[in-house]
Amino acid sequence: MKAIKNILIILTVLLCITPSKAKAQRDKIDELRSTFIAKHLDFSSAESEKFWPIYNELHDKRKAIKKNLRQSLKNLPPAATDKEAEELINLENKSAAADAELTKTYNDKLKLVIGAKKLAKLKVVEEEFKLEVLKAAKEK
Amino acid sequence: MQANIKVVLIFIGTFLLFQIEIKAQAAFDSLNLKKAKHYFKTTIFLDSYSKANQKFPKQKATKLSNDSIIDARLGSFGVKQFNIGFYTPIYTRTYYNRDSTVYSNTHYLLTGNFLSIQPSFDSIRKVHTLLKYGLGFRIIQNSGKKGVWFIDIQPFTTTDITTSTPNGYFRMANSFIYSHNYSAKFNMRFGITKSFMWGNRYYLPYLGVRWGKLDGVNFSIQIPKNISLNIPINDKIRFSIFTKPQGGMYSFLNNDSLYYFRPEVKSFNFTHYEILGGIRLDFALNKNFSGYIDAGSSTRSNITFYSTETSKRRPNVPYKVYFYERSLSPTGFLNFGLVWRFGKTKSFFNDRNMYDVFDINNVNSPGDVNSGPGNMEIPIKKSIKQSKLNLEDIQDLIDVTDQ
């Protein structure tokens, strides 16, 4: 009886410590994206084993850039000083530069793995994914 | 002259390209972003197992034997077991192989477990509480191609805390396994494992075969750990039908005169094993928290008592000459557990080698206990239509600067 009580206490505590809603939502989209890409791009076994680790790494870096920028936008006070505004603009410039460079670096890597044709198709599929998701959300 | 200009131009071109690469790295690094270091989340799991008491089968002995005397002193046998285990990544190294397209990683994990088992003998006045605890270390190397290497070292201590009499043994379980992913649907594993779950300190060959993807329906034979048919229903619920051994080797105090003809022996070894067969249901309440419940039949249940101390005095006989051994008839069991995973991780979607890394880590649960948290971190594929999206979910698809 005492053991059951202890387990129930632990269960309650653990249930209270849940991941943030935003994090869970982003994970959901990431999962769906990867499934969508896998379904629409016919990777061979050899391509698949090399492609996904690289693509996931690119995706993690992109996500980190977006998150950082989004956070800074949220944190900008309504009565921001010139210095604060300048910092935010600088951050946006830096983020855009980093994102552009990631695109170039990882395009080169991914091209070696899946070839130019499939890489181009990947870009198309990524756009299709966005549209599909927007369509699905609209239907709800 | 012309050749020299060509060389200089190539040099400058290469230098400029290199500069761009440096700047690219610099642009990203200058943001000083917080990134996940590991692929593994720190995982803590609680596991509770119980099996009802059973009477010992009556022996057809014409005269009074040691076994029948001990049978009478024990009365019956049942098990209550509680285990808390964990693993946590302490260092993860990720790197590209020479051709810069193969992405490898090495994971160093700290593991630990604390197991309390109460073998319930209804004729013994005081229930013995036996502990098994220890910290371990494992290294998992993902070659990024087809192979995953797994090295596990699990030292632990077993002790009987029924009275304050000092007792206990230090033991070491370990495994060395190579896992080869022929394809996402077919995997084989080979290796060696030293385990105590068969009730003794055996070095056993490890042989594993899996048909089917880890994120889909698969049939897995992992000898000597388990055989299971795994059926994921969705990302929240997974079923499996399994059979696996469970058991251990524990220090047991001789304060009930069980080893009555060697009263000078303060403690001896209690070993037990059983083959469990049943159905397991894993359920996820959210990304970080899941649970499982399994029930079924316990067969080939066996218990033994022997003393290492006594055996040492008899160099010509094997170390495990039992002074008592009994097998019990099949009965039911109930097992349930709670799993809590936390921490930020790198993405591993569709990365079949990483899925294999998770699976090999979970099949070989910490502490040589053979009941672990399951593969709930491996995502199950679902379509956009199945996903119950709402507008909040899709905000990440819109670029921040578009807002």
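Because the structure is a prediction, the values reported are computed rather than measured.

A separate point is the overall build of chain B. What chain B contains, in helices and strands, is four helices and 15 strands. Taking all 403 residues of chain B together, the buried fraction comes to 53%. A fraction of 66% describes how many contacts in chain B between residues 6 or more apart in sequence connect residues 24 or more apart. For chain B, the accessible surface area stands at approximately 18,500 Å², while carbon and sulfur atoms represent 62% of it.

Within the largest apolar cluster, 32 residues are counted, with the highest numbers of intra-cluster contacts made by Ile-37, Phe-51 and Leu-122 of chain A. The biggest single contributor to this core is helix α4 (residues 82-139) of chain A, with 13 residues. Contact partners of Phe-51 of chain A, with chain neighbours within four places excluded, come to Ile-37, Phe-43, Leu-110, Val-113, Ile-114 and Leu-122 of chain A. Phe-77, Phe-121, Leu-276 and Phe-305 of chain B belong to the second largest nonpolar core, which has 27 residues in total.

All names here are of chain B. Under the counting rule described, the total for this entry stands at 17 salt bridges over all chains. When the shortest N-O distance is used, the salt bridge between Asp-359 and Arg-189 registers 2.7 Å. You can see Asp-359 sitting in helix α4 (residues 352-363) and its partner Arg-189 sitting in strand β7 (residues 186-195), a full 170 residues away along the chain. Take Arg-189: its relative accessible area is 1%, and that puts it in the buried class.

Bringing the pairing of strand β13 (residues 289-306) of chain B into the picture now. Residues and elements named next belong to chain B. In this structure, strand β12 (residues 267-284) lies alongside β13, joined through 15 bridges in antiparallel fashion. The residue of β13 that forms the bridge with Arg-280 is Asp-294. Turn length for the β12-β13 hairpin, with the two strands adjacent in sequence and antiparallel, is four residues. Examined bridge by bridge, β13 and strand β15 (residues 331-342) share 10 bridges and lie antiparallel to one another. Each residue of the ladder has a partner; that of Tyr-292, found in β15, is Gly-337. Looking at chain direction, β13 and strand β14 (residues 324-328) are connected through five bridges and run antiparallel. Bridge pairing links Ile-303 to Arg-326 in β14.

What follows covers the packing of aromatic side chains. Describing an aromatic ring pair means giving the distance of the ring centres and the angle of the ring planes. With the rule as written, the count across this model stands at 35 aromatic pairs over all chains. Their ring planes at 40° and their centres at 5.7 Å tell us that Phe-252 of chain B and Phe-305 of chain B sit as a pair that is tilted. You can see Phe-252 of chain B sitting in strand β11 (residues 237-253) and its partner Phe-305 of chain B sitting in strand β13, a full 53 residues away along the chain. The exposure class assigned to Phe-252 of chain B is buried, which follows from its relative accessible area of 0%. On the basis of relative accessibility, which here comes to 0%, the residue Phe-305 of chain B falls in the buried class. In this structure, Lys-109 of chain A packs its charged tip against the face of Tyr-106 of chain A, placed 5.1 Å from the ring centre. Against the face of Tyr-169 of chain B rests Arg-171 of chain B, its NZ or CZ located 4.6 Å from the ring centre.

Right, let's get into the packing of helix α3 (residues 45-75) of chain A against α4 of chain A. Between two packed helices, the angle of one axis relative to the other and the distance separating the axes together describe the packing. All names here are of chain A. With their axes 10 Å apart at the nearest point, α3 and α4 run at an angle of 160° to one another. It follows that α3 is roughly antiparallel to α4 by the angle criterion. Regarding α3 and α4, the two cross each other, and that crossing is left-handed. Broken down by class, the residue content of the contact of α3 with α4 amounts to 16 nonpolar, four polar and 10 charged.

Right, let's talk about the confidence of the model for chain B for a bit. Residues and elements named next belong to chain B. On average, chain B scores 85 in pLDDT, and the residues at 70 or more come to 87%. This stretch, residues 14-24, has a pLDDT under 50; its non-local contacts, to residues over four places away or in other chains, come to four contacts. Listed scores for the predicted complex are pTM 0.87 and ipTM 0.85.

Residues and elements named next belong to chain B. Its place among the elements puts Ser-104 in strand β3 (residues 103-120). Overall, Ser-104 belongs to the buried group, its relative accessible area being 1%. A polar atom in the side chain of Ser-104 sits 2.9 Å from the backbone oxygen of Ser-143. Sequence-distant contacts of Ser-104, that is, excluding residues within four places in its chain, are made with Arg-93, Thr-94, Tyr-95, Asn-97, Asn-142, Ser-143 and Gly-144.

Rules used throughout
Residues numbered from 1 in each chain as written. Chains lettered and ligands numbered in written order. Predicted model: local features only at pLDDT ≥ 70, side-chain atom pairs only at ≥ 80, totals over all residues. Heavy atoms only, no water. Helix = DSSP H or I, 4+ residues; strand = E, 2+ residues; numbered from the N terminus. Buried < 20%, exposed > 50% of the residue type's maximum accessible area, 1.4 Å probe, protein only. Contact = heavy atoms within 4.5 Å. Areas by Shrake-Rupley, 256 points an atom, 1.4 Å probe, with all protein chains shown as cover. Core = buried A, V, L, I, M, F, W, Y, C linked by side-chain atoms within 4.5 Å. Salt bridge = Lys/Arg side-chain N within 4 Å of Asp/Glu carboxyl O. Pairing = 2+ DSSP bridges. Phe/Tyr/Trp six-rings, centres within 6.5 Å; stacked < 30°, edge-to-face > 60°. Lys NZ or Arg CZ within 6 Å of the ring centre and 35° of its normal. Axes fitted to C-alpha atoms, helices over the stretch in contact; angles between N-to-C directions. Parallel < 35°, antiparallel > 145°, perpendicular 65-115°, else oblique. Left-handed = near helix turned anticlockwise from the far one by under 90°. Nonpolar A, V, L, I, M, F, W, Y, C, P; charged D, E, K, R; others polar. pLDDT = per-residue confidence, 0-100. Polar contact = N/O pair within 3.5 Å; in protein donor to acceptor, adjacent residues only side chain to side chain.

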